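One letter stands for each residue in the lines below.
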Amino acid sequence: MKEAQLTVQSSVGLHARPATKFVGKAKEFASDIRITNLTRGGDPADAKSIIFVIKAAVANGHEILITADGPDEDAAVEALVDLVEHGLEG
Amino acid sequence: MSTTFTGIPASPGTVVGPIHLHAAVQHDFRRDQPDGPGPERDRLKLAVDDLRHRLEGRVDEVGDTASEIFAAHLMFLDDSAFQDPILAHIDTGGLSAEAAVERAGNDVAAEFEAIDDDYLAARAADIRDLRDQLISVLVGSDTDDLAQITEPSIIVAHDLTPSQTVSIPAGMALGFCTEVGSAVSHAAILARSMGVPAVVGLGSISVVSGQVAIVDGDEGIVIVDPGETEVKQARDAQAAIAERRRLAMEDAHFPAETLDGHLVEVVANVGSVDDAARAVAAGAEGIGLLRTEFLFLDRTDLPGEDEQTAVYKAIHDQFPTSPVVVRTLDVGGDKELPAIQIAPELNPFLGVRGLRLTLARPDIFHTQLRAILRGAAGRDAKIMFPMVASATEITAARAALDAAAASLDDEGLDRAREIEVGVMIEVPSAAVMADRLAGMVDFFSIGTNDLTQYTLAVDRTNEAVATLADALHPAVTRLIRTVVEAAHAEGKWVGVCGELAGDPLAAGLLIGLGVDELSMSPPAVPLVKEKIRSISREQSRSCARACLDATTPDEVRAILQAEVTNAD
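Residues numbered from 1 in each chain as written. Chains lettered and ligands numbered in written order. Predicted model: local features only at pLDDT ≥ 70, side-chain atom pairs only at ≥ 80, totals over all residues. Heavy atoms only, no water.

## Observations regarding the side chain of Ser96(B)
All names here are of chain B.
- On the secondary structure map, Ser96 appears in the loop between helix H3 (80-91) and helix H4 (97-114).
- The buried category is assigned to Ser96, whose relative accessible area is 0%.
- Contact partners of Ser96, with chain neighbours within four places excluded, come to Arg30, Arg31, Asp32, Gln33, Glu40 and Ile90. (Helix = DSSP H or I, 4+ residues; strand = E, 2+ residues; numbered from the N terminus. Buried < 20%, exposed > 50% of the residue type's maximum accessible area, 1.4 Å probe, protein only. Contact = heavy atoms within 4.5 Å.)

Spelled out as structure tokens, the structure:
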């Protein structure tokens, strides 16, 4: 099990296109991946489901926890952190 | 006996036509499983495949904005958080496929709505739309009344989903009226993209199909069963405007010169690439106000630098040798954007608006300034900042502009070399201090709508006081005089880009006050030019003096109307 905690810096949070990108990236990995919105609270949600990710209601400035469990857990967390930090907009 | 309903103006224009009332269809279906869960699972799978195929087709056939809505439907359709509960309701709940879809759709929509967030509320509507589409496929019902319309009609509904709106055959929707919704709801967005009038948020309206209605999308009014005189008035008014416009259009491409040979620059307010083309056709001599908000509307992400650059370039290309004044993003107040989250404010008109917002969001500002400079590469750029209240804001905005230019130079990117910088005068403090601000800029553009509401302390979106927001108030006239005198003393030019500039009645007053440029919506250009050719500058000056001495807006209006009568 691998995890990382970080702050989302995206004008629309993890909504709309950024949410789609996030889910698309998560689906590239075999591991079970969860996202938790630490700022708003709530249970860990399936990062491969657009509905769950949108429901996490991650806004700009929210703190999130990403966890991955499976064969490619290290790569999965690294890739998602990189996406949230650098690749959500544009 | 006619009935008038008032709602929110959502898409401009006026139209008269028969009503088509869209009643939300309630599908009847069985809720049990006559042959066990297996056949229900098979039916569900076929229906999902069928709907996926249809949605993919729609993504391709409709415009950008609408296709994003269907792309979202597609993602939800295949999401495990939607499909897994449906399968569970079939496997262990003993429900038919239709009943399982209904329950799962309701649950997901309710979960979205339980979270206090506008974006999630809008997605709840998407889930319900998807739920209904899937049930329609399952019951084999494609008898949507909207798809069957054969006579051009005004569509009246409680609400319209995107999938319903695009199912209407081309040319059959004359206009839209909905009981719920806001100017940013799907129905409003789609009406604007189709170019038909729409009024939303009408509350409960009781009508039946076949009744005749007048939809006024500018005023937000719907008149049902109008009397013959009202229909005639609406049609006559439309025809009279069309005729006057046709006559004025004949001379639209000639300059606007007063009887005593004074040239006035008549330019257009433009809010899209299409608008720019309309402005050219209407005889506008350039763009006095390019509203850049359209790039940010109807979307939840921010437009990137390259995207903005391409649009600015396309608009500059419509006016290769004429001025194009680009205003930086002007939101806040009554203009909200889904892509930019602004904390709720008690007094949004006195809050983070216009330049205040872009100064607080350097990421947005820097990207836009770079894109404007790149979009005007090979020519000069004119950039204007909205909602300026003080000199320090101008200093900060100019510094941001310099930084954007320097960053482009560092990267070796092509940009406009000559840059003219202007500010909008909308806040009374800026008008009063215009003599101090004039030295800091190349031009002023007076936004009379906001200048009027701030000067008269009238919220123009508040119906109870909106009629008091009269731009012909002598207080506003006096501020315009102050601004023009301050600018001319420094050798700078002044434009007016509020509604007042497009009102032929006010042209004499503004020219008499010394305004150098009038910027208006494209359809007003030929009419204002025609008016300018009928007056002299000398006569306008004495008219302006009389208006400055007036006490009430009614006195000003009477003076201007007397001028018209004398001229005739």
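Past the structure itself, the notes keep going.
## Structural notes on the nonpolar core
- Grouped together as the largest cluster of nonpolar side chains are 94 residues, with contacts concentrated most on Ile340(B), Phe385(B), Phe444(B), Ile480(B), Leu518(B) and Ile532(B).
- If sequence neighbours within four positions are ignored, Ile532(B) has contacts with Ala256(B), Glu257(B), Thr258(B), Val264(B), Val266(B), Ala507(B), Ile511(B) and Leu518(B).
- Ranked by size, the runner-up nonpolar core spans 65 residues in total, among them Leu6(A), Val77(A), Ala72(B) and Ala99(B). (Core = buried A, V, L, I, M, F, W, Y, C linked by side-chain atoms within 4.5 Å.)

## A closer look at the pairing of strand S4 (residues 153-157) of chain B
Residue and element names in this part refer to chain B.
- Most of S4 sits out of view: five of its five residues are buried.
- Taking every second residue as pointing to the same face, both faces of S4 are buried, with Ser153, Ile155 and Ala157 on one and Ile154 and Val156 on the other.
- Two strands pair when backbone bridges link them, and strand S3 (residues 14-22) and S4 are joined in this way by four bridges, in the parallel orientation. Within the sheet, the bridge partner assigned to His22 lies in S4 and is Ala157.
- Direction of pairing for S4 relative to strand S5 (residues 173-178): parallel, over a ladder of five bridges. Across the sheet, the residue bridging to Ser153 is Ala173, located in S5.
- The parallel pair S4 and S5 is bridged by helix H6 (residues 162-167), and the resulting crossover is right-handed. (Pairing = 2+ DSSP bridges. Right-handed = clockwise from strand over helix to strand, strands pointing away.)

## Here's the deal with the packing of aromatic side chains
All names here are of chain B.
- The full count for this structure, using the stated rule, is three aromatic pairs over all chains.
- When the ring of Phe365 is compared with that of Phe385, the centres are 5.9 Å apart and the planes differ by 65°; the resulting orientation is edge-to-face. With Phe365 in helix H12 (residues 362-375) and Phe385 in strand S13 (residues 381-385), this pair connects stretches of sequence that are 20 residues apart.
- You can call Phe385 buried: its relative accessible area is 1%.
- Centre to centre, the rings of Phe443 and Trp493 are 4.5 Å apart; their planes meet at 10°, and the pair counts as stacked. Within this pair, whereas Phe443 is found in strand S15 (residues 443-446), its partner Trp493 is found in strand S16 (residues 493-496), the two being separated by 50 residues in sequence. (Phe/Tyr/Trp six-rings, centres within 6.5 Å; stacked < 30°, edge-to-face > 60°.)

## A word on the environment of Arg131(B)
- Considering the arrangement of structural elements, one finds Arg131(B) in helix H5 (residues 118-138).
- With near-sequence residues (within four places) excluded, Arg131(B) lies in contact with Val101(B), Glu102(B), Gly105(B) and Asn106(B).

## Some thoughts on the packing of helix H18 (residues 504-512) of chain B against helix H20 (residues 537-548) of chain B
Residue and element names in this part refer to chain B.
- Remark: H18 packs on H20, axes separated minimally by 7 Å, with the N-to-C direction vectors making an angle of 95°. Judged by the inter-axis angle, H18 sits roughly perpendicular to H20. Along the contact surface, H18 presents Gly508, Leu509, Ile511 and Gly512, while H20 presents Ser540, Arg541, Ala544 and Cys547.
- Residues belonging to the contact of H18 with H20 are distributed by class as follows: four nonpolar, three polar and one charged. (Axes fitted to C-alpha atoms, helices over the stretch in contact; angles between N-to-C directions. Parallel < 35°, antiparallel > 145°, perpendicular 65-115°, else oblique. Nonpolar A, V, L, I, M, F, W, Y, C, P; charged D, E, K, R; others polar.)

## Section: a negative patch on the surface
- Side chains of Asp74(A), Glu78(A), Asp82(A) and Glu85(A) sit close together on the surface and give a patch of like negative charge.
- Along the chain, the position of Asp82(A) falls in helix H3 (residues 73-87). (Patch = residues over 30% accessible without salt bridge, like charges linked within 9 Å, V, L, I, M, F, W, Y side chains within 5 Å. Areas by Shrake-Rupley, 256 points an atom, 1.4 Å probe, with all protein chains shown as cover. Salt bridge = Lys/Arg side-chain N within 4 Å of Asp/Glu carboxyl O. Lys, Arg positive; Asp, Glu negative; His and termini not counted. Charge placed at Lys NZ, Arg CZ, Asp CG, Glu CD.)

## Side note on helix H10 (residues 305-318) of chain B
Residue and element names in this part refer to chain B.
- In a regular helix each residue adds 1.5 Å, so 14 residues correspond to 20 Å; H10 covers 20 Å between its end C-alpha atoms and thus fits that length.
- Of the residues making up H10, those classed as buried are Glu305, Gln308, Thr309, Val311, Tyr312, Ile315 and His316. Along the long axis of H10, the arc covered by the buried residues comes to 165°, so they all point the same way.
- Looking at the buried positions of H10, the neighbouring elements they touch are helix H9 (273-281), strand S11 (287-291), strand S12 (324-327), H12 and helix H13 (391-410). (Expected span 1.5 Å × (residues − 1). Arc of directions from axis to C-beta.)

## As for the sheet that holds strand S7 (residues 212-216) of chain B
Residue and element names in this part refer to chain B.
- If you walk across this open sheet you meet the eight strands as S1-S8-S7-S3-S4-S5-S6-S2, and the pairing is mixed. Strands at the two margins of the open sheet, each flanked by one partner only, are strand S1 (3-6) and strand S2 (8-11). Neighbour to neighbour, the strand axes of the sheet diverge by 30° on average, direction disregarded.
- Where S3 and S7 come together, five bridges link them in antiparallel fashion. Bridge pairing links Gly17 to Ala213 in S7.

## Digging into the pattern of salt bridges
Residue and element names in this part refer to chain B.
- Evaluation of the coordinates by the stated rule reveals 37 salt bridges over all chains.
- Between Arg43 and Glu98 there is a salt bridge; the shortest N-O distance is 2.6 Å. Of this pair, Arg43 sits in helix H1 (residues 37-61) while Glu98 sits in helix H4, and the two are 55 residues apart along the sequence.
- The residue Glu538 makes a salt bridge to Arg541 at a minimum N-O spacing of 3.0 Å. Highlighted residues: Glu538 and Arg541, both in helix H20, separated by three residues, approximately one helical turn.
- For Glu538, a relative accessible area of 48% translates into the label partly exposed.
- For Arg541, a relative accessible area of 32% puts it in the partly exposed group.

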